[in-house]
Amino acid sequence: MARCSPPLLCRFFCCAAKSTSATAAAASAKKNIVFLGSPQVAASVLDTLLAASGSPDSIFQVAAIVTQPPASKNRGRKLMPSAVAQLALDRGFPHDLIFTPERTGEESFLSDLKEVRPELCITAAYGNILPQRFLDIPPYGTVNIHPSLLPLYRGAAPVQRALQDGVSETGVSLAYTVRALDAGPVIACERFSVDDCIKAPELLSMLFNIGSKLLLHELPSVLDGSAKQKAKPQDDSKATLAPKMNSEESWLTFDEEAKVLHNKVRAFAGWPGTRAKLQLMNQKGEPDVLDIKVISTKVSTSSDKTGDENEILFSGNSLLIPCSQSTWLEVLELQLAGKKVTTARDFWNGLRGQKLLKSP
C-alpha cells in the first residue's frame, strides 16, 4: 500500500487532510481512549467499547484506533485490513483516525498519537511491542487485556500454551502495560474453568469476551486514577512463559501419551494445526506415506483394545491410534492434503480394507 507523502504515519485508506474529529473530541467532556488491536478477538473488544461509548452517560469515547497494517490473505496479493480495521470501517469510524504503523516507535505515529490526546490506551492482541515513548503519552497509562491469570503464561500464546499443558483453569487479566513482557500490575482478573474438549480458538474468543466485560466494569476506576492504587504487582517468581507458536511444533509423535497429544491438538487448533504421518499398506504390501492434519480427538477410556503395536484400528466413529504407556488416541476428524475435513468413519470407509499403521 502506498505511503502518504511526506512520510507521515501510514494510515489505512487515508492520505487526505486530518479530520476535525480529534478537535471535537478534545472539547468533549468524555475522556479520550485509543484502542490497539488486530485480530478478530480484538475486534470483539472494540465492538464492545464502541457500543458502550455511544451511551449518553458514557465517560469515554474511542478517539482513535491503532492496528496492524493491511496484509495479504489466503495466498492472494490483495491487501486486506485487519479484523479491527474492518470492524471500525464497518461502524463508520473516521478513516484518518485508524492508524496502521509498521512500528509504534515511529516518530510520525507518536506525533499523530499526541494530537489525539489520549488519556488512556487499551490493548487487546495488538501484536506490536510498545516503546516507553508510547507508554509515556497517556496520563492514565496503557491497560492490556491478557487471556491468562498473570503472572502465568506471559507472552504471545497464553491460551494455546495453557491448553497444551492441560490446565483445568485459566482466566483473563486486566493489567497495566510496562516495558517488561506482560509484567505490569494487575487491576483485576476473572477465572474460567477449562474442560478437556475446548479448543484454542473457542477459548480465546470466550476469554476476550469476558475481558471486554471486565474492562467496562473497571474503566471508571482506571479513568479516575484509583485503579493504580488497587492494582497488585505480579509475583515474578511465579511467572511462566507462553512463547509464540511455530509450524515445526505441529507434528504429532505417537511415542507420547494420548492425553499429551490430545491437548496438543486442542492447543494448536486453528493455526498451525497438528499433523501426523501414517502408513497405508498398498495392494503390493508396501507402505505409502499419508500426511494428515488431525482436527478433533479425544482420549480413549477403554483399555481392552488389541492389535499390533503399530496398527491403527477403527471403532465406533474413531480411528484408534496406539500411543505411549498403553494409551489410545481417538481421532474423530482429519484432513488429507488438498481435501476437505472428513470424519474418521468416512476416511476409514475410503481405505477399502487396506491396513493403516503408524509411521516409524
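Position numbers for residues count from 1 along each chain, tracking the sequence in the order it is written. Per-residue local features are limited, in this predicted model, to residues with pLDDT of at least 70; the limit for side-chain atom pairs, both in listing and counting, is 80 or more; totals at the level of whole chains, interfaces and linings are taken over all residues. Based on all heavy atoms of the structure, the side-chain values leave hydrogens and waters out of the count.

## Section: the overall build of the chain
Point 1. Numbering goes from the N terminus for both helices and strands, where a helix is a DSSP run of H or I of at least four residues and a strand is a run of E of at least two. A tally of helices and strands in the chain yields 10 helices and 16 strands.
Point 2. Buried positions account for 49% of the 360 residues belonging to the chain.
Point 3. Here a residue-residue contact requires only that any non-hydrogen atoms of the pair lie within 4.5 Å. Pairs at least 24 apart in sequence give 67% of the contacts found in the chain among residues at least 6 apart.
Point 4. Throughout, the Shrake-Rupley method with a 1.4 Å probe supplies accessible areas, and for residues the shown protein chains are the sole cover considered. Accessible surface for the chain amounts to roughly 18100 Å². Of this, 51% is attributable to carbon and sulfur atoms. The rule is simple: take the accessible area with a 1.4 Å probe, protein chains only, and divide by the maximum for that residue type; under 20% is buried, over 50% is exposed, in between is partly exposed.

## A short note on the packing of helix H2 (residues 40–53) against helix H3 (residues 83–90)
Point 1. The axes used here are C-alpha line fits, helices contributing only the stretch in contact, and every angle between their N-to-C directions lies in the interval 0 to 180 degrees. Running from N to C, H2 and H3 cross one another at 30 degrees; their axes reach a closest spacing of 8 Å. Relative to H3, H2 is oriented roughly parallel. Viewed along their axes, H2 and H3 form a crossing whose handedness is right-handed. The segment H2 lies against H3, with Gln40, Ala42, Ala43, Leu46, Asp47 and Leu50 engaging Ala83, Val84, Leu87 and Ala88.
Point 2. Residues that form the contact of H2 with H3 fall into these classes: 8 nonpolar, 1 polar and 1 charged. With respect to orientation, any angle under 35 degrees is reported as roughly parallel, any angle over 145 as roughly antiparallel, any angle of 65 to 115 as roughly perpendicular, and every other angle as oblique. Crossing handedness follows the turn of the near helix against the far one: under a right angle anticlockwise gives a left-handed crossing, and clockwise gives a right-handed one. Under this grouping Gly is polar, as are all residues other than the nonpolar Ala, Val, Leu, Ile, Met, Phe, Trp, Tyr, Cys and Pro and the charged Asp, Glu, Lys and Arg.

## Structural notes on the pairing of strand E14 (residues 328–336)
Point 1. Two strands are said to pair when DSSP picks up at least two bridges between them. Both strand E11 (residues 287–299) and E14 contribute to a ladder of 7 bridges, which runs antiparallel. Each residue of the ladder has a partner; that of Val294, found in E14, is Leu334.
Point 2. The sheet contact formed by strand E13 (residues 318–322) and E14 spans 4 bridges and is antiparallel. Its bridge partner being in E14, Pro322 is matched across the sheet by Trp328.
Point 3. Summarising the sheet, E14 and strand E15 (residues 342–343) pair through 2 bridges and their orientation is antiparallel.

## A few points about the nonpolar core
Point 1. Among buried residues, those of type Ala, Val, Leu, Ile, Met, Phe, Trp, Tyr and Cys that are joined through side-chain atoms within 4.5 Å constitute a nonpolar core. Judged by nonpolar contacts, the single largest core of 68 residues is most densely connected at Phe35, Leu46, Leu49, Phe134 and Leu219.
Point 2. Here this core gets 10 residues from one element, more than from any other, and that element is helix H7 (residues 200–223).

## Focus on the pattern of salt bridges
Point 1. For this document, the term salt bridge refers to a Lys or Arg side-chain nitrogen within 4 Å of an Asp or Glu carboxyl oxygen. Tallied over the entire structure, the rule returns 8 salt bridges.
Point 2. Linking Arg161 and Glu249 is a salt bridge whose minimum nitrogen-to-oxygen distance equals 2.9 Å. You can see Arg161 sitting in helix H6 (residues 158–164) and its partner Glu249 sitting in the loop between helix H8 (226–230) and helix H9 (258–267), a full 88 residues away along the chain.
Point 3. Looking at Glu249, the relative accessible area reads 22%, which means it is partly exposed.
Point 4. A salt bridge links Lys277 to Asp291, with the nearest nitrogen and oxygen atoms 2.9 Å apart. A residue pair is termed long-range when its members are at least 10 positions apart, and Lys277 in strand E10 (residues 274–281) and Asp291 in strand E11 qualify at 14 residues.
Point 5. Take Lys277: its relative accessible area is 37%, and that puts it in the partly exposed class.

## What about the domain arrangement of the chain?
Point 1. Split by domain assignment, the chain resolves into domain 1 (31–242) and domain 2 (247–358).
Point 2. Distance between the C-alpha centres of domain 1 and domain 2: 37 Å.
Point 3. At the interface, 13 residues of domain 1 touch 10 residues of domain 2.
Point 4. Once two parts are put together, the accessible area they lose, assessed with a 1.4 Å probe and summed over both, is termed the buried area. At the boundary of domain 1 with domain 2, total buried surface from both sides reaches about 910 Å², with 46% on carbon and sulfur atoms.
Point 5. At the junction of domain 1 with domain 2, the criterion picks out 1 salt bridge. Residue ranges assigned to the domains are those given by an automatic or database domain assignment.

## Description of the sheet that holds strand E7 (residues 142–146)
Point 1. Ordered by their spatial adjacency, 7 strands build an open sheet running E5-E2-E1-E6-E7-E8-E9, and the pairing between neighbours is mixed. Unpaired on one side and paired on the other, strand E5 (98–99) and strand E9 (186–193) mark the two borders of the sheet.
Point 2. Pairing of strand E2 (residues 60–66) with E5 involves 2 bridges; the strand directions are parallel. Following the sheet pairing, Ile65 is matched in E5 by Ile98.
Point 3. In this fold H2 packs onto strand E1 (31–37), E2, strand E6 (120–124) and E7, with an angle of close to 150 degrees to the strand it touches most, E2.

## Here's the deal with the side chain of Asn282
Point 1. Secondary-structure assignment places Asn282 in the loop between E10 and E11.
Point 2. Under this definition, polar contacts are N or O atom pairs within 3.5 Å; protein pairs additionally need one hydrogen-donor-capable and one acceptor-capable atom, and for neighbouring residues in sequence, both atoms have to be side-chain atoms. Engagement of the side chain of Asn282 in a polar contact is seen with the backbone nitrogen of Lys284, the distance being 2.9 Å.
Point 3. If sequence neighbours within four positions are ignored, Asn282 has contacts with Asp288 and Gln354.

## Thoughts on the packing of aromatic side chains
Ring pairs (aromatic) are described by centroid distance and by the angle formed between their planes.
Point 1. Stacked, tilted and edge-to-face are the three classes assigned to paired rings of Phe, Tyr and Trp, where Trp is represented by its six-membered ring and a pair needs centres within 6.5 Å; plane angles under 30 degrees give stacked, over 60 edge-to-face, the rest tilted. Enumeration according to the criterion identifies 3 aromatic pairs in this entry.
Point 2. Relative to Phe109, the ring of Phe99 has its centre 6.1 Å away and its plane inclined at 85 degrees; by these criteria the two rings are edge-to-face. In this pair, Phe99 is assigned in strand E5 and Phe109 in helix H4 (residues 107–116), connecting sequence segments 10 residues apart. Here Phe99 and Phe109 have matching classes, each one buried.
Point 3. Taking 6.3 Å as the distance between ring centres and 10 degrees as the angle between the ring planes, the aromatic pair formed by Phe109 and Phe134 counts as stacked. With Phe109 in helix H4 and Phe134 in helix H5 (residues 132–135), the pair connects residues that are 25 residues apart, well separated along the chain.
Point 4. One Lys or Arg, Lys228, reaches over the ring of Tyr176 and ends 5.8 Å from the middle of that ring.
Point 5. Above the ring of Phe268, the side-chain terminus of Lys264 is found at 5.5 Å from the ring centroid. A ring is considered to have a charge above it if a Lys NZ or an Arg CZ atom is located within 6 Å of its centre and within 35 degrees of its normal.

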